[in-house]
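Structural overview for review
Here is how the chains run, residue by residue.
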Amino acid sequence: MTVRVLAAGDHFVQNRLLIDALRSEVGGELDVRELTLPWPVVPFGPVGEVDEASDVEDELIDALRGVEICVTQMAPLTRRVLEAAPDLKLFCVSRGGPVNANLEAATAAGVAVTFAPGRNAVATAEHTLAMLLAATRRIPQTHADLAGGVWRGDYYMYDKVGPELEGGTVGLVGYGAIGRRVARMVAGFGAEVLVFDPYVETPGSVELDELLSRSGFVSLHARATPETTGMIDAARLALMPPGSVLVNCARGSLLDYDALCDALDSGHLFGAALDVFPEEPIPPGSRLLTTPNLVMTPHLAGASKETAVKAARIVAADVARYLRGEPLAHCANPAPANL
Ligand SMILES: NC(=O)C1=CN([C@@H]2O[C@H](COP(=O)(O)OP(=O)(O)OC[C@H]3O[C@@H](n4cnc5c(N)ncnc54)[C@H](O)[C@@H]3O)[C@@H](O)[C@H]2O)C=CC1
Ligand SMILES: O=C(O)C(=O)COP(=O)(O)O
């Protein structure tokens, strides 16, 4: 029997990778169609809450006719799409969380939703290290000086230089796929690692306030949840030792950005590095654009050549499990009875 699959991709996780991975995992019994969606349709919001997302709903509804399996990075599985897709049984999101799906409605409709945890963990951990080192060694600022024809010697002065990782302490807030990798990397530099993650017990685990007051480097790797919203506020930044460095490659909601700018303006923090922001793109006129000692990248920590390939493989492996009638490895909702 031929199973109809919709690959609804975009330029980040290309349809081609998804389709190649499906073909190599599952073989020839699939009738695969493609739908190319703009990026991003569903941005980096909380898991499982998407609804009435966008004007791609109609296109998606058309493309899902007769389709049993949809693999996608960005397509929104809203209540309306679900109601119009009675044949759909499996919706595979090739992202770190099933942010594209209304999980409650999917469960009620008997649609299993899978996701691809850890697909970009290596890329994000490596980017985190790059950002931490860039902020600590003032690489973007000194590069900009040189590119502008200025050779400044004063960066060498004692009061302008940053701390070393070897012999320092790195506090990791969140110890999942990315936090663990960053821990291994900074341990390789000879740093002590402290961890705050209420759901993980590991050597080096401490309470958040203790972590902040003992760490010369702090890196955020917790998920965006109501509990983590604004967890690093002005009072918590004040706990960090003077001259320390903060990195956020997780989510903008974890940190009070205004308080961070104050801590950089006052010189309390040596530097900070940010890949994620409360509003993306950063609005013109934002304080972040003029705050000193800040290194920023436009939400690209998770992007690498390998990320898209891993995502496609994780998704395809769950499609193959579904077709073999086996339990799904990364199912985000209670598996419907017909699986
Ligand atoms: N900038 C980028 O391009 C990327 C950002 N991310 C973000 O990085 C973060 C980490 O991602 P992963 O490691 O893949 O996720 P993960 O789900 O593997 O780990 C997240 C960890 O956060 C912990 N956590 C939950 N509540 C917490 C709390 N109140 N305090 C401290 N820790 C808490 C969880 O126990 C878990 O261990 C997420 O926010 C994710 O959205 C992920 C990939 C790329
Ligand atoms: O997690 C990120 O920030 C990404 O870049 C990709 O996110 P996603 O896994 O698609 O929610």
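Note that residues are indexed from 1 along each chain, following the sequence as it is written. Labels are handed out in written order, letters beginning with A for the chains and numbers beginning with 1 for the ligands. Reporting of local features is limited, given that this is a predicted model, to residues whose pLDDT is at least 70; pairs of side-chain atoms are given and counted only at 80 or more, and all residues count toward the totals for whole chains, interfaces and linings. Only hydrogens and water are set aside; all other atoms, that is, all heavy atoms of the structure, feed into the side-chain values.

**Observations regarding the site of ligand 1**
By convention in these notes, a residue is near a molecule or strand provided one of its non-hydrogen atoms lies within 4 Å of it. In the region of ligand 1, 26 residues are neighbours, and Ala177, Ile178, Asp197, Ala222 and Asp275 sit closest. A distance of 3.1 Å separates a nitrogen atom of ligand 1 from a polar atom in the backbone of cysteine 249. In short, Shrake-Rupley with a 1.4 Å probe defines the accessible areas, and a residue's cover is counted only from the protein chains shown. If ligand 1 stood free it would expose 860 Å²; the protein chains cover 88% of that surface. Polar here means any residue other than Ala, Val, Leu, Ile, Met, Phe, Trp, Tyr, Cys and Pro, which are nonpolar, and Asp, Glu, Lys and Arg, which are charged; Gly is therefore polar. Grouping the amino acids of the shell around ligand 1 by side-chain chemistry returns 13 nonpolar, eight polar and five charged. Polar contact is the term for a pair of N or O atoms within 3.5 Å; when the atoms are in protein, one must be able to donate a hydrogen and the other to accept it, and sequence-neighboring residues count only if both atoms are side-chain atoms.

**Describing the confidence of the model for the protein**
Interpretation of the predicted coordinates at a detailed level should be avoided for regions scoring low in pLDDT. Looking at the protein as a whole, its pLDDT mean stands at 92, while 93% of the residues score no less than 70. For this predicted complex, the interface confidence reaches an ipTM of 0.97, while the overall pTM sits at 0.89. The predictor rates its confidence in each residue with pLDDT, a number between 0 and 100.

**Regarding the side chain of threonine 169**
Each helix is a run of H or I in the DSSP string that is no shorter than four residues. Each strand is a run of E no shorter than two, and both are numbered from the N terminus. Its place among the elements puts threonine 169 in strand S6 (residues 169-173). Accessibility expressed as a relative area gives 13% for threonine 169, which makes it buried. Of note is the side chain of threonine 169, whose polar atom sits 3.2 Å from the side chain of glutamate 192. Not counting chain neighbours up to four residues away, the residues in contact with threonine 169 comprise Glu192, Leu194, Arg214, Ser215, Gly216 and Phe217. Burial classes: relative accessible area under 20% of the type maximum marks a residue as buried, over 50% as exposed, and values in between as partly exposed (1.4 Å probe, protein chains only). Here a residue-residue contact requires only that any non-hydrogen atoms of the pair lie within 4.5 Å.

**Re helix H1 (residues 15-26)**
Relative to the 16 Å expected for twelve residues at 1.5 Å per residue, H1 spans 16 Å between its end C-alpha atoms, a close match to the ideal helical length. Residues of H1 that are buried: Asn15, Leu18, Ile19, Ala21, Leu22 and Val26. All buried residues of H1 fall inside an arc of 165° around its axis, so they share one side. Those residues of H1 hidden inside the fold are in contact with strand S1 (3-9), strand S2 (30-36), strand S3 (69-72) and helix H11 (305-324). Directly beyond the C-terminal end of H1, a positive phi value near 90° is found at glycine 27. By this rule the span expected of a helix is its residue count minus one, scaled by 1.5 Å. Each C-beta atom gives one direction from the helix axis, and the arc is the one those directions make.

**Side note on the UniProt feature "domain: D-isomer specific 2-hydroxyacid dehydrogenase catalytic" (unreviewed entry) in the protein**
UniProt positions are given in the numbering used here, feature names are shortened, and annotations may be inferred rather than shown by experiment. With numbering aligned to this structure, UniProt lists the feature "domain: D-isomer specific 2-hydroxyacid dehydrogenase catalytic" (unreviewed entry) at residues 56-333. Within residues 56-333, the helical portion is 35% and the strand portion 14%, while the C-alpha atoms at the span's ends are 24 Å from each other.

**Some thoughts on the domain arrangement of the protein**
Taken domain by domain, the protein comprises domain 1 (3-119 + 304-324) and domain 2 (121-296). Marked domain ranges trace back to an automatic or database domain assignment. One C-alpha centre belongs to domain 1, the other to domain 2; they are set 33 Å apart. With seven residues of domain 1 in contact, the opposing surface of domain 2 contributes seven residues. Buried area: the accessible area, evaluated with a 1.4 Å probe, that two parts lose upon being put together, summed over both parts. For the pair domain 1 and domain 2, the two sides together bury roughly 500 Å², of which 50% comes from carbon and sulfur. Salt-bridge detection follows one rule: a side-chain nitrogen of Lys or Arg within 4 Å of a carboxyl oxygen of Asp or Glu. At the boundary of domain 1 and domain 2, one finds zero salt bridges. In this structure, the connection of domain 1 to domain 2 is made through one residue pair in polar contact (both at pLDDT 80 or more).

**Things to note about the packing of aromatic side chains**
Note on aromatic pairs: the rings of Phe, Tyr and Trp (six-membered ring only in Trp) are paired at centre separations within 6.5 Å, and the planes decide the class, stacked below 30 degrees, edge-to-face beyond 60, tilted for the rest. Within the structure shown, the criterion is met by one aromatic pair. On the basis of an interplanar angle of 50° and a centroid distance of 6.3 Å, the ring pair of tyrosine 257 and phenylalanine 277 is categorised as tilted. On the criterion of sequence distance, the pair formed by tyrosine 257 in helix H10 (residues 257-265) and phenylalanine 277 in the loop between strand S10 (269-274) and strand S11 (294-296) is long-range, its members being 20 residues apart. For tyrosine 257, a relative accessible area of 7% translates into the label buried. Residue phenylalanine 277 is classed as buried on the basis of its relative accessible area, which comes to 7%. Note that arginine 138 overlies the ring of phenylalanine 270, its terminal NZ or CZ placed 3.7 Å from the centroid. In our convention, an over-ring charge means Lys NZ or Arg CZ found within 6 Å of a ring centre and within 35 degrees of that ring's normal.

**A word on the sheet that holds S6**
Pairing is parallel across the open sheet formed by six strands, whose spatial order is S7-S6-S8-S9-S10-S11. Single-partner strands in this sheet number two, and they are strand S7 (192-196) and S11. Across the sheet, the mean angle from the axis of one strand to that of its neighbour is 15°, orientation sign disregarded. Paired strands, as defined in this entry, are two strands with at least two bridges between them according to DSSP. Looking at chain direction, S6 and strand S8 (residues 217-220) are connected through four bridges and run parallel. Across the sheet, residue valine 173 finds its bridge partner in S8, namely leucine 220. For helices, the fitted line uses only the C-alpha atoms of the stretch in contact; every axis is such a line through C-alpha atoms, and the angle between N-to-C directions lies from 0 to 180 degrees. Helix H7 (residues 177-188) contacts S6 and S7 of the sheet and is inclined by roughly 175° relative to S6.

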